[in-house]
Amino acid sequence: MAKKPTTADQVTKSIKGFNQDLTCRGFQYEIGKTYTHNGGVEQCLSGFHACPVEHHPLSVFEFYAPAGSRFFEVTQGGKTSNGGTKLASATITIDFEITIGELVKRAWDYVWSRATKSDEAHVTVDNGAASATGDQGAASATGDLGAASVTGYQGAASATGTRGAAISSYVGKVMGADGNALFAIERDDNLDIASVASGIVGRDGIKANVWYVCRASQLVEA
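Please read these numbers as outputs of a predicted model, since none were measured by experiment.

Draft legend 1. View of the overall build of the chain. Looking only at helices and strands, the chain has one helix and 20 strands in total. Within the chain, the proportion of its 222 residues that are buried is 50%. Pairs at least 24 apart in sequence give 44% of the contacts found in the chain among residues at least 6 apart. When the accessible surface of the chain is totalled, it reaches about 10600 Å², and 48% of it is carbon and sulfur.

Draft legend 2. How the structure looks around the environment of H55. Secondary-structure assignment places H55 in the loop between β6 (48–52) and β7 (69–83). Residues H55 and G84, spaced 29 residues apart in sequence, show a C-alpha to C-alpha distance of 9.2 Å. Ignoring any residue separated from it by four or fewer positions in sequence, one finds H55 in contact with G84, T85 and Y110. At 3.4 Å, the side chain of H55 and the backbone oxygen of G84 are in polar contact.

Draft legend 3. Quick look at the layout of surface pockets. In this structure, the largest pocket occupies an estimated 360 Å³ of space. Along the wall of the largest pocket there are 19 residues; nearest its centre are K16, C24, R25, H49 and Y64. Sorting the residues of the lining of the largest pocket by element identifies β2 (12–19) and β6 as the ones contributing at least two each.

Draft legend 4. Focus on the pattern of salt bridges. What the rule picks out here adds up to five salt bridges. Between E73 and R106 there is a salt bridge, with its nearest N and O atoms 2.8 Å apart. Residue E73 is located in strand β7, and its partner R106 is located in helix α1 (residues 100–114); the two are separated by 33 residues in the primary sequence. Residue classification places E73 among the buried residues on the basis of a relative accessible area of 12%. According to the relative accessible area criterion, R106 is partly exposed, its value standing at 26%. K207 is paired through a salt bridge with E221; the nearest N and O atoms lie 3.0 Å apart. Of this pair, K207 sits in the loop between β18 (193–200) and β19 (212–215) while E221 sits in strand β20 (residues 218–221); the two residues are 14 residues apart in sequence, bridging distant segments of the chain.

Draft legend 5. Region of interest: the side chain of K86. By the element assignment, K86 lies in strand β8 (residues 86–98). For K86, which is buried and forms no salt bridge, the nearest opposite charge comes from E62, at a distance of 8.1 Å. Excluding residues within four positions of it along the chain, K86 makes contact with Q43, C44, H49, A50, F63 and S81.

Calculation notes
- Residues numbered from 1 in each chain as written.
- Predicted model: local features only at pLDDT ≥ 70, side-chain atom pairs only at ≥ 80, totals over all residues.
- Heavy atoms only, no water.
- Helix = DSSP H or I, 4+ residues; strand = E, 2+ residues; numbered from the N terminus.
- Buried < 20%, exposed > 50% of the residue type's maximum accessible area, 1.4 Å probe, protein only.
- Contact = heavy atoms within 4.5 Å.
- Areas by Shrake-Rupley, 256 points an atom, 1.4 Å probe, with all protein chains shown as cover.
- Polar contact = N/O pair within 3.5 Å; in protein donor to acceptor, adjacent residues only side chain to side chain.
- 1 Å grid on protein atoms, 1.4 Å probe; cavity = no way out; pocket = protein on both sides within 12 Å on 5 of 7 lines; lining within 4 Å.
- Points joined across faces, edges and corners; volume = space filled by probe spheres on them.
- Salt bridge = Lys/Arg side-chain N within 4 Å of Asp/Glu carboxyl O.
- Lys, Arg positive; Asp, Glu negative; His and termini not counted.

The quantities given are spatial measurements derived from coordinates; they are silent on function.
What follows is the structure in structure tokens.
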């Protein structure tokens, strides 16, 4: 996508991934501090990079995998350059940490606000979202960066497009193609959340096009 530089003195709330020691590309960051890049700002080449919150919350997984990474909400400002889901900026402030669970909730809200609510839903457009709310409903998203969610009992969600996400609660199943993110919730007999599990298809033994459920904080084959 074309890069769009701007000198507007505005700020953007974004999500940024870090290594466990709060470094990124060898640079050490600290929570609460603001950093300034001296020189030109160009997306993918120079400046501080993060994913604006206007994009799908899981876009950050394109650059930092859930396992072994930490995620923070940051404020970007000064001169910026953007393209795709990533924004480069001259300044960045490290605001606060976001857990995987909070990322999941943000993804859920993002999907829900854009979803077609029905017992069965299917979306093929890029950045599309499908949501199934009825018991034993099914949702499928096949477009790039699509997202599928299921909120009913014994539902199923699948995401087969590039960098998509499947999110399921209650005792739903999740399935995806290589590179997709999977999230599942396990509930007890009172329907309270007992554990959550997440992973990326093609890593850590998670297979493509295989249904998974959450059991004791792990994705296991259904």
